[in-house]
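What the coordinates show
Each chain, letter by letter, is given below.
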Amino acid sequence: RAALTGHLVLSTLHTKDAISTPIRLIDMGAPPYMVATSLHAVLAQRLVRLVCESCAEPHQPDGAEMNWLAARTGEAPGEARFKRGRGCSHCNGTGFLGRIGIYEMLEMNVELVRAASSSDTSLFTEVAKRQMAGRALGDNAFRLAAQGRTTIEEAVRVASAQEE
């Protein structure tokens, strides 16, 4: 209600991604018109483990990983430099050292406001997915894997958590 009066309201909410947030607010009892007109943007974040630089080595994706990569990008990865840590004393044998945040932001536009105002949540999800194409958490995790900063398994973990 405060957002409807022009106040800036920042809040946290546990959802799997930015697209789920307006739907979750409606499920919690907020009227769809109120969610649609008061929500301006939603930011989702995840932490991704980074490959240990001390023990990083090139990694050739196996068949399952290649299938996941092809499904994610629509083609075989081109000039990606996939890596994996073999484990060393720096990373306590895990192959990972440190984490980095990945983010996605859903900005409400006229089309999304209309979709959120309707009682059909699948319409909102469809419109939002089109808007988020290439900028979702899983896409950002894939980019980190292609740069060799994280593993394909870590990117799959983030993407599958988003898709559940």
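What comes next concerns the included structure. Being a predicted model, the structure only gives us computed values, none of them experimental. (Residues numbered from 1 in each chain as written. Predicted model: local features only at pLDDT ≥ 70, side-chain atom pairs only at ≥ 80, totals over all residues. Heavy atoms only, no water.)

A few points about the environment of Arg114
- Looking at where Arg114 falls in the secondary structure, it is placed in helix 4 (residues 110–117).
- In the structure, Arg114 is positioned 78 residues away from Ala36 in sequence and 7.4 Å away in space, judged by C-alpha atoms. (Helix = DSSP H or I, 4+ residues; strand = E, 2+ residues; numbered from the N terminus.)

Brief notes about the layout of surface pockets
- Taken as a whole, the largest pocket encloses approximately 1000 Å³ of empty space.
- Along its surface, the largest pocket is lined by 30 residues, and Val9, Leu10, Ser11, Leu39 and Ala41 are the ones closest to its centre.
- Those elements that place two or more of their residues in the lining of the largest pocket are helix 1 (20–27), helix 2 (32–38) and strand 1 (41–51).
- For the lining of the largest pocket, the element with the highest residue contribution is strand 1, accounting for six residues.
- For the lining of the largest pocket, the class distribution of residues is 17 nonpolar, ten polar and three charged. (1 Å grid on protein atoms, 1.4 Å probe; cavity = no way out; pocket = protein on both sides within 12 Å on 5 of 7 lines; lining within 4 Å. Points joined across faces, edges and corners; volume = space filled by probe spheres on them. Nonpolar A, V, L, I, M, F, W, Y, C, P; charged D, E, K, R; others polar.)

Quick look at empty space enclosed by the protein
- This model, assessed by the stated rule, comprises one cavity of 30 Å³ or more.
- The volume enclosed by the largest cavity comes to roughly 40 Å³.
- The wall of the largest cavity is formed by Pro22, Ile23, Ile26, Ala115, Ala116, Ser118, Asp120, Thr121 and Phe124.
- Taken together, the elements giving at least two residues each to the lining of the largest cavity come down to helix 1, helix 4 and helix 5 (121–132).
- Ranked by the residues each element gives to the lining of the largest cavity, the list is headed by helix 1, at three residues.

Considering the nonpolar core
- Counting 32 residues, the largest nonpolar core has Trp68, Ile102, Leu106, Leu112 and Phe124 as the members making the most contacts within it.
- Secondary structure elements with two or more residues in this core: helix 2, strand 1, helix 3 (63–73), strand 4 (96–107), helix 4, helix 5, helix 6 (137–146) and helix 7 (152–163).
- No other element matches helix 6, which puts six residues into this core.
- Among all residues touching Phe124, those that are not within four sequence positions of it are Ile19, Pro22, Ile23, Leu106, Met108, Leu112, Ala115 and Ala116. (Core = buried A, V, L, I, M, F, W, Y, C linked by side-chain atoms within 4.5 Å. Buried < 20%, exposed > 50% of the residue type's maximum accessible area, 1.4 Å probe, protein only. Contact = heavy atoms within 4.5 Å.)

Quick notes on the packing of aromatic side chains
- Tallying each qualifying case throughout the model produces zero aromatic pairs.
- Positioned above the aromatic ring of Phe96 is the side chain of Arg49, whose terminal nitrogen or guanidinium carbon lies 3.9 Å from the ring centre. (Phe/Tyr/Trp six-rings, centres within 6.5 Å; stacked < 30°, edge-to-face > 60°. Lys NZ or Arg CZ within 6 Å of the ring centre and 35° of its normal.)

Remarks on the side chain of Thr21
- Secondary-structure assignment places Thr21 in helix 1.
- Residue contacts for Thr21: discarding those within four places in its chain leaves Leu13, Thr15 and Val42.

Quick notes on unusual backbone geometry
- Positive phi outside glycine occurs at Asn92, with the angle close to 55 degrees.
- Considering the arrangement of structural elements, one finds Asn92 in the loop between strand 3 (83–85) and strand 4.

Details of the pattern of salt bridges
- Considering all chains together, one arrives at seven salt bridges under this definition.
- Where Arg84 meets Glu65, a salt bridge forms, and the shortest distance between an N and an O atom there is 3.8 Å. Of the two residues, Arg84 is situated in strand 3 and Glu65 in helix 3; the sequence distance between them amounts to 19 residues.
- We classify Arg84 as partly exposed; its relative accessible area is 27%.
- Arg130 is paired through a salt bridge with Glu111; the nearest N and O atoms lie 3.0 Å apart. Pair noted here: Arg130 is in helix 5 and Glu111 is in helix 4, with a separation of 19 residues, a long-range link.
- Here Arg130 falls in the partly exposed class, since its relative accessible area comes to 47%.
- A relative accessible area of 40% means that Glu111 is categorised as partly exposed.
- Where salt bridges share partners, they join Arg49, Glu154 and Arg157 into one cluster. (Salt bridge = Lys/Arg side-chain N within 4 Å of Asp/Glu carboxyl O.)

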